[in-house]
Amino acid sequence: MTVATHVKATRQDWLSAALAQLTETGADQVKILNLAARLSVSRSSFYWYFKSREELLSALLDHWEAQNPAAFIAQSEAPAETIGEAVCNVFRCVVNPALFDTSLDFAVRDWARRDAAVRAKLDAADQRVLAALAQMFARFDYPKAEAFTRARVLFYMQLGYNSAELNEPMETRLEAIPHYLLAFTGREPDQHAITEFRAYARAVTGDPP
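This structure is a prediction, so every number in the text was calculated from the model and none was measured.

Q: Describe in detail the confidence of the model for the protein chain, supporting the description with residues and values.
A: Across the protein chain, pLDDT averages 92, with 95% of residues at or above 70. Mean pLDDT per element in the protein chain: helix α8 (residues 170-175) is the minimum at 90, and helix α6 (residues 116-139) is the maximum at 98. Note that residues 1-6 has pLDDT below 50 and, in this model, 19 contacts with residues that lie over four places away or in other chains.

Right, dumping it as structure tokens:
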């Protein structure tokens, strides 16, 4: 797939092409020649914006970090009156690709299996997410150990759910929200939070109410 066709590609064009290549074929195929072909430009223009392929790969990681881990952290810190509402705020990452890019996350985690530096950056980002989620539970009076454990369950379940590629209808997932909240929080589900999240998810995905 060609990302753009320009006489002169911009830095964002190169980055967008690299992101598409990364998610479609993996980091090994993020090569200047491949990207130039996608953009229908000479590879020489690449060097107007990046000193090397390594600098581009670093920019891809920075983009992932500024989007996916940052989204989990921001949503965990969003105002909430109950733990149910707080968890539903985090759920927004899972249904809104503008907040969390699942394909990009898959690609980065696959990349990390073969690159120690990427693995280190991924692990550090995951630890920041877990710390933010644990603090979210702590705000609602969960003991420290329990808050950390529930944070791990919530985060790793979301990653695993995406990896499982269940492809279930959104409505099926939304029907299960009260049960997920009970499992994640150990407290009675917050009906107001459930209603608000269902409305949000349907608006984002375009599903009818």
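More follows now that the structure is in view.
Q: Let's hear about empty space enclosed by the protein: which residues, and what values?
A: Tallied over the entire structure, the rule returns two cavities of 30 Å³ or more. Here the largest cavity is characterised by a volume of approximately 100 Å³. Phe91, Gln158, Arg173, Ile177 and Tyr180 are the residues nearest the centre of the largest cavity, which is lined by 13 residues in total. Within the residue set of the lining of the largest cavity, elements represented by two or more residues are α4 (83-95), α7 (144-164), α8 and α9 (177-185). Class assignment for the residues of the lining of the largest cavity results in eleven nonpolar, one polar and one charged. Space inside the second largest cavity adds up to approximately 40 Å³. What lines the second largest cavity is simply Trp64, Asn68, Pro69, Phe72, Phe100, Asp105, Arg109, Asp126, Val129 and Phe155. It is helix α3 (residues 53-76) that contributes the most residues to the lining of the second largest cavity, four residues altogether. Here the residues of the lining of the second largest cavity sort into six nonpolar, one polar and three charged.

Q: Tell me about the packing of α3 against α6, residues and numbers included.
A: Close contact between α3 and α6 brings their axes to 8 Å; oriented N to C, the two are set at 10°. It follows from the interaxial angle that α3 and α6 lie roughly parallel. Residue-level contacts link Leu61, Asp62, Trp64, Glu65, Pro69, Phe72, Ile73 and Ser76 of α3 to Val118, Lys121, Leu122, Ala125, Arg128, Val129, Ala132, Leu133, Met136 and Arg139 of α6. Its residues assigned to classes, the contact of α3 with α6 shows twelve nonpolar, one polar and five charged.

Q: A description of the layout of surface pockets should follow, citing residues and the corresponding values.
A: Of the volumes computed, that of the second largest pocket is approximately 210 Å³. Around the second largest pocket, the lining is made up of 14 residues, and of these Phe106, Arg109, Arg113, Leu159 and Ser163 lie nearest the centre. The class makeup of the residues in the lining of the second largest pocket is five nonpolar, four polar and five charged.

Q: An account of the pattern of salt bridges is needed here, citing residue identities and associated values.
A: Summed over the entire model, instances satisfying the criterion amount to eleven salt bridges. The partner of Asp62 in a salt bridge is Lys121, and the shortest N-O contact between them spans 2.7 Å. Remark: Lys121 occurs in helix α6 and Asp62 occurs in helix α3; sequence separation between them is 59 residues. Judged by its relative accessible area of 38%, Asp62 is partly exposed.

Q: Can you explain unusual backbone geometry? Please cite residues and give values.
A: Positive phi, normally seen in glycine, also occurs at Ser40, with a value near 60°. In this fold, Ser40 is placed in the loop between α2 (32-39) and α3. Look at Ser40 and you get partly exposed, because its relative accessible area is 45%. Residues other than glycine seldom take positive phi values, yet Asp141 does so here, at roughly 70°. In this structure, Asp141 sits in the loop between α6 and α7. When its relative accessible area of 66% is taken as the criterion, Asp141 is described as exposed.

Conventions adopted
Residues numbered from 1 in each chain as written. Predicted model: local features only at pLDDT ≥ 70, side-chain atom pairs only at ≥ 80, totals over all residues. Heavy atoms only, no water. pLDDT = per-residue confidence, 0-100. Helix = DSSP H or I, 4+ residues; strand = E, 2+ residues; numbered from the N terminus. Contact = heavy atoms within 4.5 Å. 1 Å grid on protein atoms, 1.4 Å probe; cavity = no way out; pocket = protein on both sides within 12 Å on 5 of 7 lines; lining within 4 Å. Points joined across faces, edges and corners; volume = space filled by probe spheres on them. Nonpolar A, V, L, I, M, F, W, Y, C, P; charged D, E, K, R; others polar. Axes fitted to C-alpha atoms, helices over the stretch in contact; angles between N-to-C directions. Parallel < 35°, antiparallel > 145°, perpendicular 65-115°, else oblique. Salt bridge = Lys/Arg side-chain N within 4 Å of Asp/Glu carboxyl O. Buried < 20%, exposed > 50% of the residue type's maximum accessible area, 1.4 Å probe, protein only.

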